[in-house]
2 protein chains.
Amino acid sequence: MKKIYEDFLHSNQLKNTKQRKVLFDFVMNQKNHFTKENLLEYAQEHINNLGIATIYRFLHTLVKSNLLEEHEFGGEKLFEVKNPENHHDHLICEKCGKIIEFTNTKIEHLQEKIALEHHFKLLDHKLILYGTCQKCQKK
Amino acid sequence: MKKIYEDFLHSNQLKNTKQRKVLFDFVMNQKNHFTKENLLEYAQEHINNLGIATIYRFLHTLVKSNLLEEHEFGGEKLFEVKNPENHHDHLICEKCGKIIEFTNTKIEHLQEKIALEHHFKLLDHKLILYGTCQKCQKK
DNA sequence: TTAAATGCAAACGATTTGCAGGCGT
DNA sequence: ACGCCTGCAAATCGTTTGCATTTAA
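Residues numbered from 1 in each chain as written. Chains lettered and ligands numbered in written order. Predicted model: local features only at pLDDT ≥ 70, side-chain atom pairs only at ≥ 80, totals over all residues. Heavy atoms only, no water.

### Here we look at the interface of chain B and chain A
Phase 1 of the analysis: With 33 residues of chain B at the interface, the matching set in chain A holds 33 residues.
Phase 2 of the analysis: Each partner contributes to the roughly 3000 Å² buried at the junction of chain B and chain A, and carbon and sulfur atoms together form 69% of this total.
Phase 3 of the analysis: Remark: the boundary between chain B and chain A carries zero salt bridges.
Phase 4 of the analysis: Linking chain B with chain A are twelve residue pairs in polar contact (both at pLDDT 80 or more). (Contact = heavy atoms within 4.5 Å. Buried area = accessible area lost by both parts, 1.4 Å probe. Salt bridge = Lys/Arg side-chain N within 4 Å of Asp/Glu carboxyl O. Polar contact = N/O pair within 3.5 Å; in protein donor to acceptor, adjacent residues only side chain to side chain.)

See below:
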């Protein structure tokens, strides 16, 4: 993962600055979703005067490099490390915001079939289920 | 549809102003997606000095009343008349932006199953397939 | 009559941009 | 040394809000 990133930087004549190193360290260790504030907070503990613009520029870079995925679930944008071998979709509780990840190969196959029927080449998809989790149903 | 809307207005002590009438006329005749600019353009042909704030307030009202659905596909927000009997998902060409609507009951059933497995009560879902349409593949 | 709605402009939050100086290669 | 990168502040974009005035019921 780190290697892919550094190769990406190199092949695009991008420099591995100390800001990017810190930012990438944070991202690489995220198992779940994170916001730009999470990233900013971490970064500012390590680098003085780190500007918000750097955060935005970095996130764009990672999304373009296909190492990060951007979600807009509820209000704020969430980012997540994109791992092709570990694709998943999301089930979200509308009351408490809890996010559950799932995969379903049957649905994925059906998606391919639908794309085919419309002569599309399928590149990506986004499936979000909104509901109420068990705890919130009881309340 | 118009009746549902007027009932909604009445039961919420909302007034059927000339602005809302014009705005609703536009919305009611949309078979596909439209943007707030589409709505604004139409409305300003009929009413002088119609402010953008009125557009936003009207759209909120309709979304709350459950007569409109809001999408955030690519860049700008799209609105669409919400018809429970005609639910559908979207297949989008990433090159030309073409949007195709589809329904697939098998997928819907699988979604219910997934929600059940996680003890969620399923309320809504959003499925978007991104791909390249036939025309754009040839280019 | 009176509560809600409108237009306007100012306020707002998130994101982007231009630029002068700094830093990695 | 060169060109990319950064921090900063100003600019921008979409959207929201406060307020004085108008309008539907």
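That shown, we press on.
### Structural notes on the packing of aromatic side chains
Phase 1 of the analysis: Under the defined criterion, the tally for this structure stands at ten aromatic pairs over all chains.
Phase 2 of the analysis: Here a set of aromatic residues connected by ring pairs shows up, and it is made of Phe26(A), Phe34(A), Tyr42(A) and Phe79(A). (Phe/Tyr/Trp six-rings, centres within 6.5 Å; stacked < 30°, edge-to-face > 60°.)

### A few points about the domain arrangement of chain A
Residues and elements named next belong to chain A.
Phase 1 of the analysis: When cut into domains, chain A gives domain 1 (2-81) and domain 2 (87-138).
Phase 2 of the analysis: A straight line from the C-alpha centre of domain 1 to that of domain 2 covers 25 Å.
Phase 3 of the analysis: Each side of the interface is counted separately: domain 1 has seven residues, and domain 2 has eight residues.
Phase 4 of the analysis: When domain 1 packs against domain 2, close to 590 Å² is buried across both sides, 56% of that on carbon and sulfur atoms. (Domains from an automatic or database assignment.)

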